[in-house]
Amino acid sequence: MSTMDTSPSANGRGSDAWSRPWEHMYIDRPSPGYCRVTFDHPPINTITATTVAELAELVGLIEHDPDLNVVVFDSANPDFYLAHYDTEHDPARTAALPVGPTGMHAWLDLLVRLSRAPVVSIASIRGRARGAGSEFVLACDLRFASRENTLLGQFEVGTGVVPGGGPTFRLPRLVGRGRALEILLVADDLDAQRAEQYGYVNRAIADDRLDDEVDAIAERVARFDHHALARTKSYVDQVTLPADSEFPPALADFFETSGRPAQQERFARLEALGLNTDSDLERSLGRRVVEALRDA
Amino acid sequence: MSTMDTSPSANGRGSDAWSRPWEHMYIDRPSPGYCRVTFDHPPINTITATTVAELAELVGLIEHDPDLNVVVFDSANPDFYLAHYDTEHDPARTAALPVGPTGMHAWLDLLVRLSRAPVVSIASIRGRARGAGSEFVLACDLRFASRENTLLGQFEVGTGVVPGGGPTFRLPRLVGRGRALEILLVADDLDAQRAEQYGYVNRAIADDRLDDEVDAIAERVARFDHHALARTKSYVDQVTLPADSEFPPALADFFETSGRPAQQERFARLEALGLNTDSDLERSLGRRVVEALRDA
Amino acid sequence: MSTMDTSPSANGRGSDAWSRPWEHMYIDRPSPGYCRVTFDHPPINTITATTVAELAELVGLIEHDPDLNVVVFDSANPDFYLAHYDTEHDPARTAALPVGPTGMHAWLDLLVRLSRAPVVSIASIRGRARGAGSEFVLACDLRFASRENTLLGQFEVGTGVVPGGGPTFRLPRLVGRGRALEILLVADDLDAQRAEQYGYVNRAIADDRLDDEVDAIAERVARFDHHALARTKSYVDQVTLPADSEFPPALADFFETSGRPAQQERFARLEALGLNTDSDLERSLGRRVVEALRDA
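Residues numbered from 1 in each chain as written. Chains lettered and ligands numbered in written order. Predicted model: local features only at pLDDT ≥ 70, side-chain atom pairs only at ≥ 80, totals over all residues. Heavy atoms only, no water.

### With respect to the pairing of strand 6 (residues 142-153) of chain C
Residue and element names in this part refer to chain C.
- Buried residues dominate strand 6, accounting for nine of its twelve residues.
- Pairing of strand 5 (residues 120-130) with strand 6, which is carried by eight bridges, proceeds in the parallel orientation. Within strand 6, the position partnered with Arg130 by the bridge is Gly153.
- As a crossover connection, the stretch from strand 5 through helix 5 (residues 132-139) into strand 6 is right-handed. (Buried < 20%, exposed > 50% of the residue type's maximum accessible area, 1.4 Å probe, protein only. Helix = DSSP H or I, 4+ residues; strand = E, 2+ residues; numbered from the N terminus. Pairing = 2+ DSSP bridges. Right-handed = clockwise from strand over helix to strand, strands pointing away.)

### With respect to the interface of chain C and chain A
- Contact with chain C, which involves 39 residues of that partner, is made by 31 residues of chain A.
- Interface area, chain C with chain A, both sides summed: about 2900 Å², of which 58% is carbon and sulfur.
- Considering only the side of chain C, the residues that lose the most area to chain A are Arg177, Leu185 and Val186 of chain C, jointly responsible for 25% of the buried surface there.
- Taken together, chain C and chain A are joined by six salt bridges.
- In this structure, the salt-bridge partner of Asp237 of chain A is Arg177 of chain C, at a minimum N-O distance of 2.8 Å.
- In this structure, the connection of chain C to chain A is made through 23 residue pairs in polar contact (both at pLDDT 80 or more).
- For the side of chain C that touches chain A, the secondary-structure elements that each account for two or more residues are helix 6 (156-159), helix 7 (167-186), helix 8 (192-198), helix 11 (247-258) and helix 14 (285-288) of chain C. (Contact = heavy atoms within 4.5 Å. Buried area = accessible area lost by both parts, 1.4 Å probe. Salt bridge = Lys/Arg side-chain N within 4 Å of Asp/Glu carboxyl O. Polar contact = N/O pair within 3.5 Å; in protein donor to acceptor, adjacent residues only side chain to side chain.)

### Focus: helix 10 (residues 226-240) of chain B
Residues and elements named next belong to chain B.
- Between the first and last C-alpha of helix 10 there are 21 Å, a value that for 15 residues agrees with the 21 Å anticipated at 1.5 Å per step.
- Among the residues making up helix 10, those that are buried are Ala228, Leu229, Ala230, Thr232, Lys233, Tyr235, Val236, Asp237 and Thr240.
- Capping the start of helix 10 is the job of one residue whose side-chain oxygen sits 3.1 Å from the backbone nitrogen of His227: Asp225. (Expected span 1.5 Å × (residues − 1).)

### Considerations on the side chain of Thr232 of chain B
- Its location among the elements puts Thr232 of chain B in helix 10.
- Overall, Thr232 of chain B belongs to the buried group, its relative accessible area being 0%.
- Residue contacts for Thr232 of chain B: discarding those within four places in its chain leaves Val157, Val162, Pro163, Thr168, Leu184 and Leu185 of chain A.

### Some thoughts on the relation of the copies chain B and chain A
- After a rotation of 120 degrees and a shift along the axis of 0.0 Å, chain B superposes on chain A with an RMSD of 0.0 Å. Here the symmetry operator amounts to a three-fold rotation axis. Among all residues of chain B, the minimum C-alpha distance to the rotation axis is found for Gln197 of chain B, at 4.5 Å.
- Mapped onto chain A, only 3% of the interface residues of chain B are again interface residues, and the two copies thus contact each other with different surfaces. (Least-squares fit on C-alpha atoms with pLDDT ≥ 70 in both.)

### Re the interface of chain B and chain A
- Across the contact, 31 residues belong to chain B and 39 residues belong to chain A.
- When the area that chain B buries against chain A is broken down by residue, the three leading residues are Arg220, Arg223 and Tyr235 of chain B, summing to 25%.
- On the surface where chain B and chain A come into contact, there are six salt bridges.
- Where Glu182 of chain A meets Arg203 of chain B, a salt bridge forms, and the shortest distance between an N and an O atom there is 2.8 Å.
- Seen at the junction of chain B and chain A, the total is 23 residue pairs in polar contact (both at pLDDT 80 or more).
- For the side of chain B that touches chain A, the secondary structure elements donating two or more residues are strand 6 (142-153), helix 7 (167-186), helix 9 (207-222) and helix 10 of chain B.
- Broken down by element, the residue count for the side of chain B that touches chain A peaks at eleven residues, all from helix 10 of chain B.
- Its residues assigned to classes, the side of chain B that touches chain A shows 14 nonpolar, six polar and eleven charged. (Nonpolar A, V, L, I, M, F, W, Y, C, P; charged D, E, K, R; others polar.)

### A short note on the side chain of Thr168 of chain B
- In this fold, Thr168 of chain B is placed in helix 7.
- Classification of Thr168 of chain B by relative accessible area gives buried; the value is 0%.
- Aside from chain neighbours lying at most four places away, what touches Thr168 of chain B is Pro163, Leu184 and Ala250 of chain B together with Thr232, Tyr235, Val236 and Val239 of chain C.

### Focus: the relation of the copies chain C and chain A
- Mapping chain C onto chain A calls for a screw motion: a turn of 120 degrees about the axis and a shift of 0.0 Å along it, with 0.0 Å RMSD after fitting.
- The share of interface residues of chain C whose copies in chain A are also at the interface is only 3%, consistent with the copies meeting through different surfaces.

### Topic: the packing of aromatic side chains
All names here are of chain A.
- Scanning the entire structure with this criterion turns up 21 aromatic pairs over all chains.
- Relative to Tyr81, the ring of Phe39 has its centre 5.6 Å away and its plane inclined at 85 degrees; by these criteria the two rings are edge-to-face. Of this pair, Phe39 sits in strand 2 (residues 34-39) while Tyr81 sits in strand 4 (residues 80-82), and the two are 42 residues apart along the sequence.
- The class of Phe39 is buried, set by a relative accessible area of 1%.
- Members of the aromatic cluster, joined through ring pairs, are Phe39, Phe73, Tyr81 and Phe136.
- The ring of Trp22 has Arg20 lying over it, and the distance from NZ or CZ to the ring centre is 4.2 Å. (Phe/Tyr/Trp six-rings, centres within 6.5 Å; stacked < 30°, edge-to-face > 60°. Lys NZ or Arg CZ within 6 Å of the ring centre and 35° of its normal.)

Worth remembering: the numbers are spatial, not functional.
If you want it as structure tokens, here you go:
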């Protein structure tokens, strides 16, 4: 991976904001047109209220950087890209996250704005991305996955909750109704081969070539004419993005189903088995999620 | 395949209705959440007015069973899943089938209601499913097919009629315009590999593992929280199902094109070659359908 | 490939028009139901104002021929199916092409009318089809590609222009948002395997079998009942074709971005490297398009 001798501080508008310390990620700027965001929230890259607040701020920077053409999101942890959401036993903190510019809850808001941003966003996936982690990669424009080391899934229905961050609307438009229903209602993990076959990711790439191939794509796109790129994306957006109004009802259902007493018991069972830690449960969550159920 | 010690008669509302004798299928209830329907209408599982009436009744039971999460449809005949429609030389019987709750003809009505039912419907396909048989599997939520022993197709255009049970609206949303037009207008059979590649089925599974894999999926889903499952499916339904108003004009065209004198001659030629019997014609109908044409 | 003993002149209405001399293609009529158009515009089958005018005329013949069921488009040049658009240093000639019956510019008009014509159009692709060449194959109903010898792509964004002939609207409906954005915004070539995997083509066929397989499909479809075929296609059209109103804004953007002074410099650089000739640049245009950029 080559790096142009352009420091982030040389990139004009917004450069000070980019270089502030981030808690759950670090940011590299190989060239004015190319930004790389690496998730780094040990032990398993859970998404918390802090992650959401940081991503919301980051998307604002992405939207307004006139030099930027491409943003790559990868992970410092080879086993976990973004595990899933973790309320950290304080659901009120998540509920209190501010409404964003679209008028939607911060999580929906940042995903919707990332999808519409005038850049190419690329999820370079190595490790597990489930639940909200999968919702994040689905909001990116392109998805490339390590062939040997990727597990993707929406496990929510297996625990008793409705997935609320948009996969019910984004997956069908990528993989069709039948495969979307399988992913959402069977709620098991997909490996990279299956994810590629279904269209959940653009394609699987051998693990030892993933970083270089994604970097080459990003360096190429970084040099393109920004106006032509942004206008072309906007036409695809018009015919592929869900309407904003589709998202909020499913998120409301997520909060309602999460708040049921029976659901709290299910989450407690999973926590006792290792949820939110680098455990065997987390490594096999798609298969083992049924252990949340009472008669497991 | 394990079976929980819950007899159908213990399942509360509707249990008596489930256990009535069925003419063209038999029904097993491995657990309260899991129902298995096996098509059994020798010699080749054609769909007749009787089948339609029974399926319409069955869909009503599925819609109103509060314990049910998943219904698997398989076939007692390994060579024919559902051959296609057979008017049994009495088109009036089919025309006289009652309009269903949606206001549509019984066949469209039951397919539309199955697609929206608050359960996961799974077509476990072994053998041939063409014409109305293909229309049925397309109305199911998930489709798994025997890798070695599946032929799927919409042969209708090859005989001179418009496919009227919805594949013109469902296939493009699964496989895209180009592949949908090929299936409908070239009107030939697809084997399981091609069907998987195109997205006509979720995936092909080795024949000797098909029953166990589908059973494992069904047992898993049977244990899930019904409310979360049904709500999640309803969001996918919103963005993937054709509008009800799309269907009836194509069915009207099916009846109109079927009723033409030239068409009756084509059907008569195919009957003379073995249509509706366990014949070589039926086994190779996709390829041989052109023999219906005058200059064959 | 068999040929029925029906000469073009025996085909009734429009036969004289079909047999006129064509500059950039030749036309064969193996049977009343089957027409084959072979692109032949040395050295690399660029599309020019002349090609557009001829295709517009041809589409008019296709629309009104009551015997025709299927049109196959192939290429006399095994290395170039349709290279891309060439203004021949006279953009005014392209701008002056007449508005067609849909009220759109001739290029959009002929593509839209081909998609809706009451026949099956098949692109039998051998060699390169990029830019407007890709736009043409995307407007055909079915696409089959030589497995060993196909390169498809929309390279426009790599040169700084917005692709204006509809791929921003057609590709997402074939391959989904993620893969469409990759094709359009990474702007590189796809070989036949990748194009098949993504759904850009129906399927890849071994080069030495491509002609025979496409011919067999065409001969089959040529014999089908025209009314059933045309009605069935019209139902798929209703749910798969972009609205006419989607196209013109992107074409306006194409003209606007093409006309910028910076863009003229980029085209000049590519011309100096061999654009529009049978050059190494043209053979590797997807990869080498970045050489149009100032800092290449």
